[in-house]
Amino acid sequence: MKNWKKLVALGISAVMLVSMIGCSKTEAPAEDAATEGDAAESDASDAPASSDSLEGTHVFMFKSTGNSFGDLMYEGFSEYMEGKGEKTAYKSPAETTVAAQVQMLDELITQKVASITISTNGDAGYDEVFKKAKDAGIPIVSVDSEANPEYRICHINQAETQDIGSYLVQAAVLITLGVDYPEEGTMEDAVKAELANYSGDEIVLGVLSASIDTPVQNSWIAAMEVELAKDFYAGKVSPNLDKKYGNDDLTESTTQAQAFIAENKVDCIISPTTVGIAAAGQALKSSGSEIRLTGLGLPSEMQSFMPGTADDDAFASVCPYMMLWDVIHLGATAGAATYAAVNDGFTGEVGTSFEMDAFRDYEPETYEAYQSGDGTAVLAGTPYIFYKGNMAEWIPVL
Ligand code: RAM
């Protein structure tokens, strides 16, 4: 398998590789899941849902509608849950705000949903509605972006936070220096070797994030700052990130990307959001700017801004390489945790675990909760690099 070395470099096992490659978006979800998903999506607005339809349903709530990352997580969530005979619905507000999610949560609790699996828009503002859910016996599981530990069973973490922050900084530095994704060894070793011989101007990195309050993006930005504090960056790469926020909205993210271009102060933009990176890709491509791009993106949305085949010159594209993880499997893992919380007594306390059935090409797996901040989490996966050597293979998948 030609990608084996790269995956080892990012800490991904052979089993995971085989699983991910075999995991195809084109596989049809269970019929009921598709029906539920379609119905829910057409419903997904700030308007109250009909009062009788959602009782006993497992609801998946993303930050907002119109984001393929959320749609793909729901695809995995619903497929897993439907396989267990459960009913699911996708309910996300139109706006990426705490207030919009809170209003929708309140309505869902009134409708006696069976559980809520959520990616949040902020740290604060949910306590009252989460308490209401707890009092009503409705378990909350968070995935992607954390919910308050006091009210969640546990959080489903996509990959190690520090790994994501470190790899993003390392990729941005290598890209700035015109170094293609290192097929041998780690990106960290490549960065150390390159910077040891670097005597040019201090490299400046920008970040185009989601909202200023989003827990998950803020945790990755904090991890980038930890990475930049390492000795080998001193004097060569600025420890200060130039941060802008596009609120996971295509128009706002485009405006912020255009501001980076107009100011021309950064060498490379890191966008740790699939919406932001796609907006920045388009803005940079249209402008002909020298600024480069990396971050967390979906191959299908980034194909116009990245090299497509191994023979391509990676630096002829605005984004030579980027990262993500298996979003569909992440949603399915959240489904397995929620199912176990409702049916198998999974409490989410440190050391407790749940079984996840085989999912698509993934073997059955046991996930154990570990301490994460003031709450607990389980680790669903690991970051995966997308570059000219594997883009063609991944565009139909994610
Ligand atoms: C966006 C969302 C999500 C994030 C991904 C990488 O779609 O902001 O929360 O995890 O990007």
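A. Structural view of the overall build of the protein. A count of helices and strands for the protein gives 14 helices and 15 strands. Relative to its full complement of 398 residues, the protein shows a buried share of 56%. Considering only residue pairs separated by 6 or more positions, the protein has 72% of its internal contacts joining residues 24 or more positions apart. If you sum the accessible surface of the protein, you get close to 15200 Å²; carbon and sulfur atoms cover 48% of it.

B. Structural context of the layout of surface pockets. Of the volumes computed, that of the largest pocket is approximately 260 Å³. Surrounding the largest pocket, 18 residues form its lining, Gly66, Asp248, Asp249, Leu250 and Val275 being those nearest its centre. Broken down by secondary-structure element, the contributors of at least two residues to the lining of the largest pocket are helix H10 (250-263) and helix H11 (274-287). The greatest single-element share of the lining of the largest pocket, amounting to three residues, is contributed by H11. When the residues that make up the lining of the largest pocket are grouped by side-chain class, the tally is four nonpolar, nine polar and five charged.

C. Quick peek at the site of the ligand. In the neighbourhood of the ligand, 14 residues make up the surrounding shell, with Lys63, Asp144, Gln217, Asp248 and Thr274 lying closest. In this structure, threonine 274 approaches the ligand through a side-chain N or O atom, which is 2.5 Å from an oxygen atom. Here the ligand occupies the largest cavity. If one sorts the elements of the shell around the ligand by residue count, helix H9 (residues 215-228) sits on top with three residues. The class makeup of the residues in the shell around the ligand is six nonpolar, five polar and three charged.

D. The arrangement of the sheet that holds strand S8 (residues 268-271) in detail. What the four strands build is an open sheet, ordered S7-S6-S8-S9; its pairing is parallel. With one partner strand each, in any of the chains shown, strand S7 (242-245) and strand S9 (292-295) form the two edges of the open sheet. The average undirected angle you get between the axes of adjacent strands in this sheet is 25°. Bridge count for strand S6 (residues 205-209) against S7 is four bridges, and the pairing is parallel. Paired with glycine 206 across the bridge in S7 is aspartate 242. Here helix H7 (residues 161-176) sits on the sheet in contact with S6, S8 and S9, set at roughly 160° to S9. With respect to the sheet, H10 is in contact with S6, S7 and S8, its orientation differing from that of S7 by roughly 150°.

E. View of the pairing of strand S3 (residues 115-118). The alternating pattern of S3 places Ser115 and Thr117 on one face and Ile116 and Ile118 on the opposite face, and all of these are buried. Both strand S1 (residues 58-61) and S3 contribute to a ladder of four bridges, which runs parallel. The residue bridging methionine 61 from the neighbouring strand is isoleucine 118, located in S3. One ladder, built from three bridges, connects S3 with strand S4 (residues 140-143); its direction is parallel. The residue of S4 that forms the bridge with isoleucine 118 is serine 142. Viewed along the sheet, the connection from S3 through helix H6 (residues 127-135) into S4 turns out right-handed.

F. Molecular detail of empty space enclosed by the protein. Considering all chains together, one arrives at four cavities of 30 Å³ or more under this definition. Empty space within the largest cavity amounts to approximately 110 Å³. If you trace the largest cavity, you find 14 residues lining it, with Phe69, Gln217, Pro272, Thr273 and Thr274 closest to the centre. Across the lining of the largest cavity, the residue classes break down as seven nonpolar, four polar and three charged.

G. Examining the packing of aromatic side chains more closely. All chains considered together, the criterion is met by 18 aromatic pairs. For the ring pair phenylalanine 60 and tyrosine 90, a centre distance of 6.0 Å and an interplane angle of 45° mean the geometry is tilted. Taken as a pair, phenylalanine 60 in strand S1 and tyrosine 90 in strand S2 (residues 88-90) lie far apart in primary sequence, 30 residues in all. A residue is classified by how much of its surface remains accessible, and phenylalanine 60, at 0% relative accessible area, is buried. Clustering of aromatic rings is evident, with ring pairs tying together Phe60, Tyr74, Phe77 and Tyr90.

H. Structural context of unusual backbone geometry. Residue aspartate 144 is not a glycine yet carries a positive backbone phi of 75°. Within the fold, aspartate 144 resides in the loop between S4 and strand S5 (155-157). Not every positive phi belongs to a glycine, and arginine 360 is a case in point at roughly 50°. Positionally, arginine 360 belongs in the loop between strand S11 (353-356) and strand S12 (365-368). Look at arginine 360 and you get buried, because its relative accessible area is 17%.

Definitions and limits used
- Every residue gets a number counted from 1 within its own chain, in the order that chain's sequence is written.
- In view of the model being predicted, local features appear only for residues whose pLDDT reaches at least 70, and side-chain atom pairs are presented and counted only at 80 or more, with totals across whole chains, interfaces and linings using the full set of residues.
- Hydrogens and water are ignored here; the side-chain numbers use all heavy atoms of the structure.
- Comment: elements are numbered from the N terminus, with helices defined as DSSP H or I runs of at least four residues and strands as E runs of at least two.
- Categorising residues by exposure relies on relative accessible area from a 1.4 Å probe, with only protein chains included: less than 20% of the type maximum marks a residue as buried, more than 50% marks it as exposed, and the intermediate range marks it as partly exposed.
- We call two residues in contact when some of their heavy atoms are within 4.5 Å.
- Values of accessible area rely on a 1.4 Å probe in the Shrake-Rupley scheme; residue burial ignores everything except the protein chains shown.
- A pocket here means an open set of points on a 1 Å grid, computed over the protein atoms alone, that has protein on both sides within 12 Å along at least five of seven lines. A cavity is instead a set of points where a 1.4 Å probe fits but cannot get out; residues with an atom within 4 Å of a point line either one.
- Grid points are joined across faces, edges and corners, and a volume is the space filled by probe spheres set on the points.
- Each residue gets one of three labels, nonpolar for Ala, Val, Leu, Ile, Met, Phe, Trp, Tyr, Cys and Pro, charged for Asp, Glu, Lys and Arg, and polar for the others, Gly among them.
- Summary of the distance rule: residues count as near a molecule or strand when at least one heavy atom falls within 4 Å of that molecule or strand.
- Here a polar contact is taken to be a pair of N or O atoms separated by no more than 3.5 Å, where protein atoms must pair a possible hydrogen donor with a possible acceptor and residues adjacent in sequence count only if both atoms sit in side chains.
- Occupancy of a cavity or pocket is assigned to a molecule whenever over half of its atoms lie within 2 Å of that pocket's grid points.
- Two strands form a pair only when DSSP identifies at least two bridges running between them.
- Note on geometry: axes are C-alpha line fits, over the in-contact stretch for helices, and angles between N-to-C directions span 0 to 180 degrees.
- Crossover handedness is defined by viewing with both strands directed away from the observer: a clockwise path from the first strand over the helix to the second marks the crossover as right-handed.
- Only the six-membered ring of Trp is used, alongside the rings of Phe and Tyr, when aromatic pairs are assigned; centres must lie within 6.5 Å, and planes under 30 degrees apart are stacked while those over 60 apart are edge-to-face, with the rest tilted.

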